[in-house]
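Structure assessment
Here is what each chain is made of, one letter per residue.
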Amino acid sequence: MRWEDISGQERAVSLLRGALAREHVHHAYLLAGPEGVGKELLARTFAQAANCEIEDPAARPCGRCPSCRGIERGNYPDVMVTMPQSELLARGLISRADLEGVPSREIRVDDVRALARRLSFAALRGRRKIALVTPADSLNERAQNTLLKTLEEPPPATTFLLVSANPDALLPTIRSRCARIQLGPVPEAMIAARLVRDGVPELEARERAARAQGSFSRALAAQGEWRELLEAVEGALSAPDEREAMDIADAHGERDAALEVAEAIDAWTRDLLVTQAGGTAELRELAASALDISGRLAPRALLGQAALCAEVIEALHQNGNGRLQLERLLLGTRELRRG
Ligand SMILES: [Zn+2]
């Protein structure tokens, strides 16, 4: 990864690059901004630039030296990543078998203590130890208070990078100890260009970029996966019993995964409504089934479905249980359609 590869965040890039170039690096940064705009990418690129082995500081990170590659692979001793168990699990960094009980959605005080212990040693290989905490708003209050002590007396040659889409959830004392770097939504044109590079036809890329609300991850998640997912959802909605619906809720029980499913169903519901009213579906690859399905459904059932989507998405944003909320959405929609 190179600084130049980070699209749409020029201000944030120039702040962090400038800090390294002037050797005036703050001991803690709060990288704040919506989901999917490149906060973690920025953090990892900073970690590489701070530890890249090539001579010319202006060309760091090179992306090729052992340090850059180690950081990219996630096995570099001086870059320590702290995240909740649920996130480690979702990224395949641990397996269910490694856990006792339900994976925690919080970063807990023991996690922060373990980090502080590792930070108390000198850098093993690099010039600067990096402690990436993501998402920082998953630190529970005790963990934040413990982290605060480390932030107040930071170990030498260490930079904390706190990543958060919801920085207001952090204690003001934590926020005030960090230099805040705000990332904005990525311009639509840049998201579209990225999709085109990935082989999406230009018109479709523009449409998807328009729906992505400035989020790369949202735009990318929409590719292909939605079609499969929504076909499975429609199958479960028309199945004779509830088993398939329960399977979908189980498979996407993590809150973020549940939110993605609910958002996909929400977009799909809008398409069904638009198609029923004689318009054209935005999810073009599903337009034929939208026409077919909306033709068979009562407008009242679809409006009920849209209202249910909104309620479930809201509940998930309020920390609702992923599996239960998806069950509510899928079983509720089955009821409405049987109305
Ligand atoms: Zn390098």
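Residues numbered from 1 in each chain as written. Predicted model: local features only at pLDDT ≥ 70, side-chain atom pairs only at ≥ 80, totals over all residues. Heavy atoms only, no water.

**Some details on the overall build of the protein**
- Broken down by element type, the protein carries 16 helices and five strands.
- Expected size for 339 residues packed as a compact globule is a radius of gyration near 20 Å; at 22 Å, the protein falls within 12% of this value.
- For the protein, the spread of C-alpha atoms along the principal axes amounts to about 65 × 45 × 35 Å.
- A burial count over the protein gives 47% of its 339 residues as buried.
- Excluding contacts between residues fewer than 6 apart, the proportion of contacts in the protein whose partners are at least 24 apart in sequence is 72%.
- Counting every atom, the protein has about 17100 Å² of accessible surface; 50% of that belongs to carbon and sulfur.
- Distance from the positive charge centre (44 side chains) to the negative charge centre (49 side chains) of the protein: 5 Å. (Helix = DSSP H or I, 4+ residues; strand = E, 2+ residues; numbered from the N terminus. Rg over C-alpha atoms; globule rule 2.2 N^0.38 Å. Buried < 20%, exposed > 50% of the residue type's maximum accessible area, 1.4 Å probe, protein only. Contact = heavy atoms within 4.5 Å. Areas by Shrake-Rupley, 256 points an atom, 1.4 Å probe, with all protein chains shown as cover. Lys, Arg positive; Asp, Glu negative; His and termini not counted. Charge placed at Lys NZ, Arg CZ, Asp CG, Glu CD.)

**Some details on the coordination of the zinc ion**
- Within the protein, the atoms that donate to the zinc ion are Cys52 (SG), Cys62 (SG), Cys65 (SG) and Cys68 (SG), at distances of 2.3 to 2.4 Å.
- Geometry at the zinc ion is tetrahedral, judged from its four donor atoms and the angles of 103 to 117° they form at the metal.
- Along the chain, the residues donating to the zinc ion are arranged with the sequence spacing C-x9-C-x2-C-x2-C. For the residue pair cysteine 62 and cysteine 65, the accessibility class agrees, reading buried in each case. (Donors = N, O, S within 2.8 Å, 3.2 Å for Na, K, Ca; no water. Tetrahedral: all angles 85-135°; square planar, octahedral: opposite > 155°, others 65-115°.)

**Description of the sheet that holds strand β1 (residues 28–32)**
- Across the sheet, five strands lie side by side as β2-β3-β4-β1-β5; this open sheet has parallel pairing. If you trace the sheet from one side to the other, it starts and ends with β2 (79–82) and β5 (179–182), each paired once. Averaged over all pairs of adjacent strands, the angle between strand axes in this sheet comes to 20°, irrespective of strand direction.
- Here four bridges tie β2 to strand β3 (residues 129–133), and the two strands are oriented parallel to one another. (Pairing = 2+ DSSP bridges. Axes fitted to C-alpha atoms, helices over the stretch in contact; angles between N-to-C directions.)

**Some remarks on a negative patch on the surface**
- Taken together, the side chains of Glu35, Glu225, Glu228, Asp256 and Glu260 present a region of like negative charge at the surface.
- Elements with a minimum of two residues in the negative patch: α11 (225–238) and α13 (255–276).
- Within the fold, glutamate 260 resides in helix α13.
- Look at glutamate 260 and you get partly exposed, because its relative accessible area is 44%. (Patch = residues over 30% accessible without salt bridge, like charges linked within 9 Å, V, L, I, M, F, W, Y side chains within 5 Å. Salt bridge = Lys/Arg side-chain N within 4 Å of Asp/Glu carboxyl O.)

**Some details on the packing of aromatic side chains**
- All chains considered together, the criterion is met by one aromatic pair.
- Residues tyrosine 29 and phenylalanine 46 carry aromatic rings whose centres are separated by 6.0 Å and whose planes lie at 65° to one another, so their mutual orientation is edge-to-face. Within this pair, whereas tyrosine 29 is found in strand β1, its partner phenylalanine 46 is found in helix α2 (residues 39–51), the two being separated by 17 residues in sequence. Like tyrosine 29, the residue phenylalanine 46 is buried in the burial classification.
- A cation sits over an aromatic face here: arginine 194 above phenylalanine 216, 5.6 Å from the ring centre. (Phe/Tyr/Trp six-rings, centres within 6.5 Å; stacked < 30°, edge-to-face > 60°. Lys NZ or Arg CZ within 6 Å of the ring centre and 35° of its normal.)

**Considering the environment of glycine 33**
- By the element assignment, glycine 33 lies in the loop between β1 and α2.
- Placed 222 residues apart in sequence, glycine 33 and arginine 255 show a C-alpha to C-alpha distance of 19 Å.
- In contact with glycine 33, not counting residues within four places along its chain, are Lys39, Ser164, Ala165, Gln182 and Leu183.

**Some thoughts on helix α6 (residues 141–152)**
- Taking 1.5 Å of rise per residue, the 12 residues of α6 would be expected to cover 16 Å, and the 16 Å separating its terminal C-alpha atoms lies within 8% of that figure.
- Regarding α6, the residues found buried are Ala143, Gln144, Thr146, Leu147, Leu148, Thr150 and Leu151.
- Looking at the buried positions of α6, the neighbouring elements they touch are β1, α5 (109–119), β4 (158–164) and α7 (172–176). (Expected span 1.5 Å × (residues − 1).)

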